[in-house]
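Here are the chains, one letter per residue:
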Amino acid sequence: MERNDIRLALPSKGILQEGAIEFLEACGLRVFRPNPRQYAATIPALPGVAVMFQRPGDIVTSVQGGSVEFGITGLDVLTEKADDGPDTTLIIHDALGFGPCSLNLAVPEEAGAQSVDDLAGWATDLAAAGQPLRIATKFPRLTAGFLDSHGVAPYRLVSVEGTLEIAPAMGNADLICDLVSSGVTLRDNHLRPLAGGVVLRSQACLIAHRPALRVRPDVLATARHLLEYIEAHQRGSGSFFITANMRGDSAEAIAQRMFDQTSLGGLQGPTIAPVVAREHLRAEANWYAVNVVVRRERLFEAVGELRAIGGSGVVVVPCAYIFEEEPERYRAMLAALQ
(Lines give C-alpha, C1' and ligand atoms only; values in the text may rest on other atoms or scores of the structure.)
Protein backbone atom coordinates (compact mmCIF):
# COMPACT_ATOMS: atom_id res chain seq x y z
CA MET A 1 0.00 0.00 0.00
CA GLU A 2 1.42 3.35 -1.05
CA ARG A 3 1.93 5.89 1.73
CA ASN A 4 1.50 9.64 1.48
CA ASP A 5 2.96 10.56 4.88
CA ILE A 6 6.61 11.44 5.54
CA ARG A 7 8.57 9.75 8.30
CA LEU A 8 11.78 10.71 10.08
CA ALA A 9 13.41 8.04 12.25
CA LEU A 10 15.52 9.07 15.25
CA PRO A 11 17.62 6.86 17.56
CA SER A 12 15.51 5.41 20.35
CA LYS A 13 18.04 5.69 23.17
CA GLY A 14 21.53 6.64 24.28
CA ILE A 15 23.89 9.40 23.26
CA LEU A 16 22.67 9.45 19.67
CA GLN A 17 19.07 10.03 20.75
CA GLU A 18 20.01 12.84 23.14
CA GLY A 19 22.29 14.37 20.53
CA ALA A 20 19.66 14.18 17.77
CA ILE A 21 16.93 15.83 19.84
CA GLU A 22 19.25 18.59 21.13
CA PHE A 23 20.67 19.17 17.65
CA LEU A 24 17.28 19.42 15.95
CA GLU A 25 16.04 21.84 18.61
CA ALA A 26 19.13 24.01 18.08
CA CYS A 27 18.27 24.00 14.37
CA GLY A 28 14.75 25.26 15.10
CA LEU A 29 13.22 21.81 14.63
CA ARG A 30 12.05 20.97 18.16
CA VAL A 31 10.80 17.40 18.61
CA PHE A 32 7.50 17.23 20.52
CA ARG A 33 7.17 13.92 22.38
CA PRO A 34 4.40 14.13 25.01
CA ASN A 35 5.36 10.84 26.63
CA PRO A 36 9.00 9.63 26.76
CA ARG A 37 7.75 6.04 26.52
CA GLN A 38 6.03 6.69 23.20
CA TYR A 39 7.86 5.70 20.03
CA ALA A 40 6.22 8.44 17.96
CA ALA A 41 6.51 12.22 18.02
CA THR A 42 6.09 15.32 15.87
CA ILE A 43 8.09 18.36 14.82
CA PRO A 44 5.81 21.45 14.93
CA ALA A 45 8.01 23.24 12.38
CA LEU A 46 7.48 20.30 9.98
CA PRO A 47 3.74 19.60 10.28
CA GLY A 48 3.73 16.94 7.58
CA VAL A 49 6.48 14.83 9.16
CA ALA A 50 5.93 11.99 11.64
CA VAL A 51 8.86 11.19 13.94
CA MET A 52 9.56 7.58 14.88
CA PHE A 53 12.14 6.24 17.35
CA GLN A 54 14.13 3.15 16.35
CA ARG A 55 17.46 1.50 17.06
CA PRO A 56 20.25 2.95 14.87
CA GLY A 57 20.57 -0.29 12.89
CA ASP A 58 16.82 -0.48 12.33
CA ILE A 59 16.85 3.10 11.04
CA VAL A 60 19.25 2.07 8.30
CA THR A 61 17.08 -0.92 7.38
CA SER A 62 13.89 1.18 7.40
CA VAL A 63 15.35 3.83 5.10
CA GLN A 64 16.78 1.18 2.79
CA GLY A 65 13.40 -0.52 2.54
CA GLY A 66 11.42 2.69 2.14
CA SER A 67 9.21 2.37 5.22
CA VAL A 68 10.90 5.59 6.44
CA GLU A 69 11.89 8.53 4.22
CA PHE A 70 14.56 10.11 6.47
CA GLY A 71 16.70 8.94 9.36
CA ILE A 72 19.46 10.12 11.66
CA THR A 73 21.94 7.39 12.57
CA GLY A 74 25.65 6.81 12.99
CA LEU A 75 27.92 6.58 9.95
CA ASP A 76 29.42 3.44 11.54
CA VAL A 77 26.08 1.62 11.62
CA LEU A 78 25.18 2.82 8.13
CA THR A 79 28.47 1.59 6.66
CA GLU A 80 28.24 -1.76 8.45
CA LYS A 81 24.70 -2.37 7.26
CA ALA A 82 25.20 -1.08 3.72
CA ASP A 83 22.95 -3.03 1.36
CA ASP A 84 24.67 -5.04 -1.36
CA GLY A 85 21.58 -4.66 -3.55
CA PRO A 86 20.22 -1.51 -5.24
CA ASP A 87 21.55 1.70 -3.69
CA THR A 88 18.34 2.98 -2.10
CA THR A 89 19.98 5.01 0.68
CA LEU A 90 21.46 8.45 0.13
CA ILE A 91 23.50 10.34 2.73
CA ILE A 92 22.23 13.91 2.45
CA HIS A 93 24.29 15.28 5.37
CA ASP A 94 27.39 13.39 6.47
CA ALA A 95 28.53 15.55 9.40
CA LEU A 96 25.82 16.62 11.83
CA GLY A 97 28.48 17.26 14.46
CA PHE A 98 27.36 15.01 17.32
CA GLY A 99 27.93 11.39 18.30
CA PRO A 100 31.64 11.39 17.33
CA CYS A 101 33.50 8.11 17.77
CA SER A 102 35.86 5.80 15.92
CA LEU A 103 35.86 2.07 15.25
CA ASN A 104 39.21 0.89 16.61
CA LEU A 105 41.23 -2.26 16.96
CA ALA A 106 42.43 -2.68 20.55
CA VAL A 107 44.60 -5.30 22.25
CA PRO A 108 45.35 -6.26 25.87
CA GLU A 109 48.01 -4.05 27.44
CA GLU A 110 50.44 -6.99 27.70
CA ALA A 111 50.09 -7.98 24.02
CA GLY A 112 53.22 -7.76 21.90
CA ALA A 113 51.46 -6.15 18.91
CA GLN A 114 51.94 -2.38 18.85
CA SER A 115 50.47 -1.48 15.47
CA VAL A 116 48.34 -2.87 12.68
CA ASP A 117 51.54 -3.84 10.87
CA ASP A 118 52.18 -6.43 13.60
CA LEU A 119 48.88 -8.25 13.09
CA ALA A 120 49.89 -10.23 10.03
CA GLY A 121 52.88 -11.71 11.86
CA TRP A 122 50.76 -12.41 14.94
CA ALA A 123 48.18 -14.23 12.80
CA THR A 124 50.91 -16.29 11.13
CA ASP A 125 52.40 -17.32 14.48
CA LEU A 126 49.01 -18.36 15.82
CA ALA A 127 48.24 -20.32 12.66
CA ALA A 128 51.47 -22.28 13.12
CA ALA A 129 50.15 -23.24 16.55
CA GLY A 130 46.90 -24.40 15.01
CA GLN A 131 44.53 -21.51 15.71
CA PRO A 132 43.48 -18.31 13.92
CA LEU A 133 43.75 -14.77 15.26
CA ARG A 134 40.43 -14.07 17.02
CA ILE A 135 38.79 -10.63 16.91
CA ALA A 136 35.65 -9.87 18.92
CA THR A 137 33.43 -7.31 17.22
CA LYS A 138 29.89 -6.19 16.50
CA PHE A 139 31.03 -4.80 13.14
CA PRO A 140 32.05 -7.90 11.16
CA ARG A 141 31.76 -6.33 7.73
CA LEU A 142 33.94 -3.31 8.47
CA THR A 143 36.41 -5.32 10.54
CA ALA A 144 36.87 -8.00 7.89
CA GLY A 145 37.36 -5.43 5.15
CA PHE A 146 40.01 -3.64 7.20
CA LEU A 147 41.90 -6.83 8.09
CA ASP A 148 41.80 -8.05 4.49
CA SER A 149 43.15 -4.73 3.23
CA HIS A 150 46.13 -5.10 5.60
CA GLY A 151 46.89 -8.70 4.61
CA VAL A 152 46.00 -10.22 7.98
CA ALA A 153 45.28 -13.98 7.69
CA PRO A 154 44.06 -16.29 8.94
CA TYR A 155 41.63 -14.76 11.39
CA ARG A 156 38.23 -15.49 12.90
CA LEU A 157 35.64 -12.91 13.86
CA VAL A 158 33.95 -13.61 17.18
CA SER A 159 30.39 -12.36 17.62
CA VAL A 160 29.71 -10.98 21.10
CA GLU A 161 26.28 -9.92 22.33
CA GLY A 162 27.34 -8.14 25.51
CA THR A 163 30.42 -6.11 26.44
CA LEU A 164 33.31 -6.55 24.01
CA GLU A 165 36.06 -5.27 26.30
CA ILE A 166 35.94 -8.35 28.51
CA ALA A 167 36.32 -10.86 25.65
CA PRO A 168 40.16 -11.03 25.73
CA ALA A 169 40.21 -11.43 29.53
CA MET A 170 37.68 -14.25 29.23
CA GLY A 171 39.87 -16.01 26.68
CA ASN A 172 37.26 -15.63 23.93
CA ALA A 173 39.32 -13.34 21.70
CA ASP A 174 42.87 -12.08 21.16
CA LEU A 175 41.78 -8.49 20.43
CA ILE A 176 38.64 -6.48 19.82
CA CYS A 177 37.27 -4.05 17.24
CA ASP A 178 34.88 -1.67 18.94
CA LEU A 179 33.63 1.90 19.03
CA VAL A 180 35.80 4.31 21.02
CA SER A 181 34.85 7.79 22.18
CA SER A 182 37.08 8.88 25.06
CA GLY A 183 39.12 5.69 25.47
CA VAL A 184 38.31 5.48 29.20
CA THR A 185 36.48 2.15 28.85
CA LEU A 186 39.49 0.63 27.08
CA ARG A 187 41.87 1.76 29.81
CA ASP A 188 39.55 0.57 32.56
CA ASN A 189 39.61 -2.90 30.99
CA HIS A 190 43.40 -2.91 30.45
CA LEU A 191 43.20 -2.54 26.68
CA ARG A 192 45.02 -0.13 24.37
CA PRO A 193 44.27 0.90 20.79
CA LEU A 194 46.60 -0.35 18.08
CA ALA A 195 48.57 2.30 16.21
CA GLY A 196 47.02 2.67 12.76
CA GLY A 197 44.03 0.64 13.92
CA VAL A 198 41.26 3.14 13.22
CA VAL A 199 38.85 1.28 10.97
CA LEU A 200 36.36 4.15 10.59
CA ARG A 201 35.76 7.60 12.04
CA SER A 202 32.07 8.17 12.64
CA GLN A 203 29.48 10.72 13.70
CA ALA A 204 25.76 11.21 13.20
CA CYS A 205 24.51 11.61 9.65
CA LEU A 206 21.19 12.30 7.92
CA ILE A 207 20.08 9.72 5.37
CA ALA A 208 17.13 9.52 2.99
CA HIS A 209 15.32 6.98 0.80
CA ARG A 210 16.62 7.75 -2.69
CA PRO A 211 13.54 6.54 -4.67
CA ALA A 212 11.20 8.69 -2.55
CA LEU A 213 13.32 11.78 -3.21
CA ARG A 214 13.08 11.08 -6.94
CA VAL A 215 9.33 10.53 -7.25
CA ARG A 216 7.73 12.49 -4.39
CA PRO A 217 7.93 16.31 -4.53
CA ASP A 218 6.78 16.55 -0.89
CA VAL A 219 9.72 14.40 0.25
CA LEU A 220 12.13 16.50 -1.82
CA ALA A 221 10.68 19.68 -0.29
CA THR A 222 11.10 18.24 3.21
CA ALA A 223 14.72 17.36 2.44
CA ARG A 224 15.35 20.97 1.44
CA HIS A 225 13.61 22.23 4.60
CA LEU A 226 15.75 19.97 6.80
CA LEU A 227 18.98 20.94 5.04
CA GLU A 228 18.08 24.66 5.07
CA TYR A 229 17.75 24.72 8.86
CA ILE A 230 20.65 22.37 9.56
CA GLU A 231 23.13 24.19 7.33
CA ALA A 232 21.98 27.64 8.48
CA HIS A 233 22.42 26.59 12.11
CA GLN A 234 25.84 25.04 11.50
CA ARG A 235 26.96 28.08 9.53
CA GLY A 236 25.73 30.44 12.23
CA SER A 237 27.08 28.41 15.15
CA GLY A 238 30.26 30.03 16.42
CA SER A 239 29.70 33.21 14.38
CA PHE A 240 28.93 36.68 15.72
CA PHE A 241 27.25 39.70 14.17
CA ILE A 242 29.08 42.94 15.01
CA THR A 243 27.66 46.40 14.46
CA ALA A 244 29.30 49.74 15.23
CA ASN A 245 29.06 53.44 14.37
CA MET A 246 31.93 55.13 12.57
CA ARG A 247 32.79 58.56 11.19
CA GLY A 248 34.00 58.83 7.62
CA ASP A 249 33.87 60.73 4.35
CA SER A 250 32.02 57.93 2.56
CA ALA A 251 30.97 54.29 2.87
CA GLU A 252 33.71 53.34 0.41
CA ALA A 253 36.38 55.07 2.50
CA ILE A 254 35.25 53.24 5.65
CA ALA A 255 35.14 49.94 3.77
CA GLN A 256 38.74 50.43 2.68
CA ARG A 257 39.81 51.08 6.27
CA MET A 258 38.10 47.84 7.24
CA PHE A 259 39.65 45.86 4.38
CA ASP A 260 43.06 46.94 5.61
CA GLN A 261 42.38 44.99 8.84
CA THR A 262 42.80 41.22 9.05
CA SER A 263 39.48 40.24 10.66
CA LEU A 264 36.88 42.52 9.14
CA GLY A 265 36.14 41.12 5.69
CA GLY A 266 32.83 39.60 6.74
CA LEU A 267 30.98 37.00 4.70
CA GLN A 268 31.16 38.97 1.44
CA GLY A 269 32.55 42.20 2.83
CA PRO A 270 31.09 44.61 5.39
CA THR A 271 27.64 46.16 5.14
CA ILE A 272 27.80 49.94 5.58
CA ALA A 273 24.85 52.33 5.75
CA PRO A 274 24.46 56.04 6.58
CA VAL A 275 23.32 56.93 10.10
CA VAL A 276 20.83 59.76 10.46
CA ALA A 277 22.68 61.55 13.27
CA ARG A 278 21.52 64.41 15.44
CA GLU A 279 22.08 67.82 13.91
CA HIS A 280 25.00 68.84 16.16
CA LEU A 281 26.81 65.58 15.30
CA ARG A 282 26.01 65.85 11.60
CA ALA A 283 28.11 69.00 11.34
CA GLU A 284 31.21 67.23 12.62
CA ALA A 285 31.34 64.38 10.10
CA ASN A 286 29.27 61.78 8.29
CA TRP A 287 28.28 58.82 10.46
CA TYR A 288 27.89 55.29 9.19
CA ALA A 289 26.72 52.00 10.70
CA VAL A 290 29.04 49.12 9.84
CA ASN A 291 28.01 45.48 10.13
CA VAL A 292 30.22 42.43 9.84
CA VAL A 293 30.08 38.72 10.74
CA VAL A 294 33.14 37.01 12.23
CA ARG A 295 33.97 33.64 13.75
CA ARG A 296 34.32 33.20 17.51
CA GLU A 297 38.10 32.79 17.34
CA ARG A 298 38.44 36.21 15.63
CA LEU A 299 35.83 38.06 17.70
CA PHE A 300 37.98 40.05 20.11
CA GLU A 301 40.55 40.75 17.44
CA ALA A 302 37.80 42.11 15.16
CA VAL A 303 36.31 44.29 17.93
CA GLY A 304 39.77 45.69 18.68
CA GLU A 305 40.38 46.47 15.02
CA LEU A 306 37.00 48.18 14.68
CA ARG A 307 37.75 50.41 17.66
CA ALA A 308 41.24 51.12 16.36
CA ILE A 309 39.84 52.60 13.12
CA GLY A 310 37.23 54.71 14.89
CA GLY A 311 34.36 52.35 15.66
CA SER A 312 32.18 53.21 18.65
CA GLY A 313 29.07 51.78 20.27
CA VAL A 314 30.17 48.29 19.26
CA VAL A 315 27.39 45.69 19.69
CA VAL A 316 28.02 41.93 19.41
CA VAL A 317 25.22 39.39 18.93
CA PRO A 318 25.61 35.61 18.40
CA CYS A 319 24.27 34.32 15.08
CA ALA A 320 21.53 31.68 15.35
CA TYR A 321 21.33 31.06 11.61
CA ILE A 322 23.09 32.16 8.44
CA PHE A 323 21.04 31.26 5.35
CA GLU A 324 22.63 31.08 1.92
CA GLU A 325 20.73 31.35 -1.37
CA GLU A 326 20.51 27.56 -1.49
CA PRO A 327 21.94 24.92 0.88
CA GLU A 328 25.18 23.49 -0.47
CA ARG A 329 24.20 19.96 0.50
CA TYR A 330 20.83 20.35 -1.19
CA ARG A 331 22.61 21.08 -4.47
CA ALA A 332 24.83 18.06 -3.88
CA MET A 333 21.75 15.91 -3.17
CA LEU A 334 20.10 16.97 -6.43
CA ALA A 335 23.26 16.11 -8.34
CA ALA A 336 23.40 12.69 -6.66
CA LEU A 337 19.81 11.99 -7.71
CA GLN A 338 20.56 12.52 -11.38
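Keep in mind it's a predicted model, so treat the numbers as computed, not measured.

Engineer: Help me understand a nonpolar patch on the surface in this model?
Structural biologist: Taken together, the side chains of Phe241, Val315 and Val317 define a hydrophobic patch exposed on the protein surface, amounting to about 220 Å² of accessible area. By secondary structure assignment, the location of Val317 is in strand S15 (residues 312-318).

Engineer: Can you walk me through the sheet that holds strand S9 (residues 175-180) in this structure?
Structural biologist: Taken together, 5 strands build an open sheet; the order of strands is S8-S7-S9-S6-S10 and the sheet is mixed. At either margin of the open sheet sits one strand with a lone partner, and together these are strand S8 (155-159) and strand S10 (191-202). When strand polarity is set aside, the average angle formed by the axes of neighbouring strands in this sheet is 25 degrees. The sheet contact formed by strand S6 (residues 101-108) and S10 spans 7 bridges and is antiparallel. If you follow Asn104 over to S10, its bridge partner there is Val198. Sheet strands touched by helix H4 (residues 119-128): S6, strand S7 (133-137), S9 and S10. Its angle to S7, the strand with the most contacts, is close to 120 degrees. Running at roughly 165 degrees to S8, helix H5 (residues 140-149) makes contact with S6, S7, S8, S9 and S10 of the sheet.

Engineer: Sorry if this is basic, but what is going on with unusual backbone geometry here?
Structural biologist: Peptide bonds are mostly trans, and most non-glycine residues show a negative phi. Here the bond from Ala153 into Pro154 is cis, since omega is -5 degrees, no more than 30 degrees from zero. Within the fold, Pro154 resides in the loop between H5 and S8.

Engineer: What should I look at first to understand the sheet that holds strand S14 (residues 287-295) in this one?
Structural biologist: Two strands in a sheet stick together by hydrogen bonds in their backbones, pointing the same way (parallel) or opposite ways (antiparallel). Across the sheet, which stays open at both edges, the 4 strands sit in the order S13-S14-S12-S15 with antiparallel pairing between neighbours. In this open sheet, the two edge strands, each paired with only one partner strand, are strand S13 (271-274) and S15. Across this sheet, the average inter-strand angle for adjacent strands is 20 degrees, counted without regard to direction. Bridge count for strand S12 (residues 239-247) against S14 is 9 bridges, and the pairing is antiparallel. The residue of S14 that forms the bridge with Thr243 is Asn291.

Cut-offs used in this document
- Residues numbered from 1 in each chain as written.
- Predicted model: local features only at pLDDT ≥ 70, side-chain atom pairs only at ≥ 80, totals over all residues.
- Heavy atoms only, no water.
- Patch = residues over 30% accessible without salt bridge, like charges linked within 9 Å, V, L, I, M, F, W, Y side chains within 5 Å.
- Areas by Shrake-Rupley, 256 points an atom, 1.4 Å probe, with all protein chains shown as cover.
- Salt bridge = Lys/Arg side-chain N within 4 Å of Asp/Glu carboxyl O.
- Helix = DSSP H or I, 4+ residues; strand = E, 2+ residues; numbered from the N terminus.
- Pairing = 2+ DSSP bridges.
- Axes fitted to C-alpha atoms, helices over the stretch in contact; angles between N-to-C directions.
- Contact = heavy atoms within 4.5 Å.

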